[in-house]
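Here's the letter readout for the chains.
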Amino acid sequence: MALPFPDLWLSRRMGLADGAIPSRAEFEAWLADRLAELVDHARANSPFYARHLDGFDGASLRSLDDFSKLPVITPDLLGVAPERLLCVSQDEIARVVTLTSSGTTGIPKRVFHTGEDLASTMEFFSRGMANMLGAGETALVFLPGERPGGVGRLLDEALSRFGARAETYGPLEDADAALDRCLELGAACVVGSPAHLNLLALAFARRGLPDSPIRSALLCWDTVPDAVVRNVAGISGCRPFRHWGMIETGLGGGVECAPGSGMHLREADVYVEIADPDSGRLLPDGEFGEMVVTTPLRRGMPLIRYRTGDVGRILVGECVCGSPLKRLDPLVRRAGDGVDLGAGFLRLEVLNELLYGLPGVGDFAARFAAGSARNRLSLTVCGEVEREAVSAALRTLPGVAASMDSGTLELEIKLRDGRRPAIPGLDKRRLDTGSER
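Cut-offs used in this document
Residues numbered from 1 in each chain as written. Predicted model: local features only at pLDDT ≥ 70, side-chain atom pairs only at ≥ 80, totals over all residues. Heavy atoms only, no water. Helix = DSSP H or I, 4+ residues; strand = E, 2+ residues; numbered from the N terminus. Rg over C-alpha atoms; globule rule 2.2 N^0.38 Å. Buried < 20%, exposed > 50% of the residue type's maximum accessible area, 1.4 Å probe, protein only. Contact = heavy atoms within 4.5 Å. Areas by Shrake-Rupley, 256 points an atom, 1.4 Å probe, with all protein chains shown as cover. 1 Å grid on protein atoms, 1.4 Å probe; cavity = no way out; pocket = protein on both sides within 12 Å on 5 of 7 lines; lining within 4 Å. Points joined across faces, edges and corners; volume = space filled by probe spheres on them. Nonpolar A, V, L, I, M, F, W, Y, C, P; charged D, E, K, R; others polar. Pairing = 2+ DSSP bridges. Axes fitted to C-alpha atoms, helices over the stretch in contact; angles between N-to-C directions. Lys, Arg positive; Asp, Glu negative; His and termini not counted. Salt bridge = Lys/Arg side-chain N within 4 Å of Asp/Glu carboxyl O. Polar contact = N/O pair within 3.5 Å; in protein donor to acceptor, adjacent residues only side chain to side chain. Core = buried A, V, L, I, M, F, W, Y, C linked by side-chain atoms within 4.5 Å. Parallel < 35°, antiparallel > 145°, perpendicular 65-115°, else oblique. Left-handed = near helix turned anticlockwise from the far one by under 90°.

1. Let's talk about the overall build of the chain
Move 1: Along the backbone of the chain there are 13 helices and 20 strands.
Move 2: The C-alpha atoms of the chain give 22 Å as radius of gyration, which agrees with the globular expectation for 437 residues (22 Å, within 12%).
Move 3: Counting only C-alpha atoms and orienting by the principal axes, one finds that the chain spans roughly 65 × 55 × 40 Å.
Move 4: In the chain, which comprises 437 residues, the proportion classed as buried is 54%.
Move 5: Within the chain, contacts between residues at least 6 apart in sequence are counted, and of these 66% link residues at least 24 apart.
Move 6: By element, 50% of the accessible surface of the chain is carried by carbon and sulfur atoms, the whole surface being about 18000 Å².

2. Comments concerning the environment of Ala370
Move 1: Mapped onto the fold, Ala370 is located in the loop between β17 (361–369) and β18 (375–383).
Move 2: Judged by relative accessible area, which is 31%, Ala370 ranks as partly exposed.
Move 3: On a C-alpha basis, the gap between Ala370 and Gly250 in space is 37 Å, while along the polypeptide they are 120 residues apart.

3. A look at helix α10 (residues 226–233)
Move 1: Of the positions making up α10, those classed as buried are Ala227, Val228, Val229 and Val232.
Move 2: Buried residues in α10 make contact with α9 (194–207), β6 (216–219), β7 (239–246) and α11 (348–356).

4. Examining empty space enclosed by the protein
Move 1: What the rule picks out here adds up to three cavities of 30 Å³ or more.
Move 2: Considered as a void within the structure, the largest cavity measures approximately 120 Å³ in volume.
Move 3: Contributing to the lining of the largest cavity are 13 residues, with Asp117, Ser120, Arg266, Asp269 and Arg298 lying nearest its centre.
Move 4: Per-element accounting of the lining of the largest cavity gives the leading share, four residues, to helix α6 (residues 115–129).
Move 5: A class-by-class count of the residues in the lining of the largest cavity yields one nonpolar, six polar and six charged.
Move 6: Looking at the second largest cavity, the residues that line it are Phe124, Phe125, Gly128, Met129, Met132, Leu218, His243 and Val255.
Move 7: The element best represented in the lining of the second largest cavity is α6, accounting for four residues.

5. Considering the sheet that holds strand β9 (residues 263–265)
Move 1: Ordered in space as β4-β3-β5-β6-β7-β8-β9-β13, the eight strands form an open sheet in which the pairing is mixed. Both outer strands of the open sheet, β4 (165–168) and β13 (327–328), are each paired with one neighbouring strand and no more.
Move 2: Direction of pairing for β7 relative to strand β8 (residues 251–256): antiparallel, over a ladder of four bridges. Looking at β8, one finds that His243 is bridged to Val255.
Move 3: Contacts between α6 and the sheet are confined to β5 (189–192), β6 and β8, with β8 contributing the most and set at about 20° to the helix.
Move 4: On top of the sheet, α9 reaches β5 and β6; it is set at about 140° to β5, its chief contact.

6. So, the side chain of Asp337
Move 1: Within the fold, Asp337 resides in the loop between β14 (333–334) and β15 (338–340).
Move 2: Here Asp337 is buried and forms no salt bridge, its nearest opposite-charge partner Arg430 lying at an N-O distance of 6.0 Å.
Move 3: A distance of 3.5 Å separates a polar atom in the side chain of Asp337 from the backbone nitrogen of Leu431.

7. Concerning the sheet that holds β14
Move 1: Read from one edge of the open sheet, four strands run β10-β11-β12-β14, paired in antiparallel fashion. The strands lining the two open edges of the sheet, one partner per strand, are β10 (271–275) and β14.
Move 2: Pairing analysis gives four bridges linking strand β11 (residues 289–294) to strand β12 (residues 306–312), with the strands arranged antiparallel. What sits directly across from Val292, in β12, is Arg307.

8. Focus: helix α13 (residues 398–405)
Move 1: Buried residues of α13: Gly399, Val400, Ala401 and Ser403, and no others.
Move 2: The inward-facing, buried residues of α13 abut α12 (387–394) and β19 (409–416).
Move 3: Immediately downstream of α13, the backbone of Gly407 shows phi near 80°, a positive value.

9. Structural notes on the nonpolar core
Move 1: Counting residues in each nonpolar core, the largest one holds 81 residues, and the members touching the most others are Leu85, Met129, Leu133, Leu155, Val191 and Trp244.
Move 2: The biggest single contributor to this core is helix α2 (residues 24–45), with nine residues.
Move 3: When near neighbours in sequence (up to four residues on either side) are disregarded, Val191 contacts Met129, Leu140, Val141, Phe142, Leu143, Leu155, Leu197, Leu218 and Cys220.
Move 4: In this structure, Leu200, Leu219, Cys238 and Leu397 belong to the second largest nonpolar core, which totals 51 residues.

10. Let's talk about the layout of surface pockets
Move 1: As a volume, the second largest pocket reaches approximately 250 Å³.
Move 2: As for the second largest pocket, its lining consists of 15 residues, and the residues nearest its centre are Tyr271, Val272, Leu282, Asp285 and Lys326.
Move 3: Listed by contribution, the elements that provide at least two residues to the lining of the second largest pocket are α2, α4 (64–67) and β10.
Move 4: The element that contributes the greatest number of residues to the lining of the second largest pocket is β10, accounting for four residues.

11. Here's the deal with the packing of helix α1 (residues 5–13) against α6
Move 1: Contact geometry of α1 with α6 gives a least axis separation of 9 Å together with a crossing angle of 150°. When the axes of α1 and α6 are compared, the pair comes out roughly antiparallel. As for the relative orientation of α1 and α6, their crossing is right-handed in sense. On α6, the residues touching Phe5, Leu8, Trp9, Arg12 and Arg13 of α1 are Ser120, Glu123, Phe124, Arg127 and Gly128.

12. Brief notes about the pairing of β12
Consecutive residues of a regular strand have side chains that alternate between opposite faces of the sheet.
Move 1: Burial of β12 is extensive: six of the seven residues sit out of reach of the surface.
Move 2: Here β12 pairs with β14 via two bridges, running antiparallel. Residue pairing in the sheet places Val311 in a bridge with Arg333 of β14.

Shape descriptors only; they carry no functional weight alone.
Written as structure tokens, this is what we have:
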């Protein structure tokens, strides 16, 4: 009997013979050793880490609890002086990625990847994607892929390892054109952001197609609302899988081995701790907190206890597949992604579930502007839906209803074509905040 995807990948990363499955205790002992080695490597090769980790060394780190006592690093380091984190010559760097956060004017972050980093990502992609399509089949990818080391090219090489292929379409701009290409290719799998795949699902529903070549969909790049998962599952015969990852950590971070199972973390490459954002205290499985990540096997630009600004939790217990790898709750969100409306609070994840759950909604963009007398929530909604339906749905949220009734909030709703995304490109959905009017 073949091993499930998480165990196949973990066995390979730990250097075990195929078929050898470590227990959770065995894996954590191996991981603690790798983290101790990483600390010694970083202190020996990076002047920054030598100072930052002064007083710590591998010999003092006998367990994961010991490792959790190390100080954290913050994202600003990747903007101000990312070279300080390098532990190899820049000649060994295969790709440099520049990250500019949408809606901000901060210094762009830069992340350095070695060829070995890219190879480990391809291996993870290859193992995971083999759950979603087979030899001779094609995945249509709605992500960037024109550059060497880009996610589209990495996916194509990963799929070629088991006889499949990826065609990089690029970010979806017109859902009808994207659907046409799916049908022309007979694509067995689609890969893209939740917003773009939701638009694709709406295009399928709009045409009333009884059959579809698509058997699976990988929702990635951004927070994945449950409502979008349900909509994508409405494509005839399609099984949606959710993914979490960061460019900082080499893209692949966690993916479902079966729909609804939670996302198995790529713990040998991306070790995730959940911490209280104020005290830094580690939280037990099942509790939400800030995700702090470390890259145990990365030697080029290792991240050691990097504060991501993402809020998530580790699911309690084992997956039905029996893998020792922990699972991340799919409902990851950005810390602080919410606004005070005046007589209540609104979080983006609540807005996501509400609006993507409305029949006919393909995508939306939201902006909040605080005013001296009254606040304004402006929505651009793309799809076949009535303005009154959107307004009525928003009023089911207590914070919105109370704020509107008290006169502290006015609502503006604009409707747009349901073929195109509300936000161009691959900017992540967020609650934009404006200055006082």
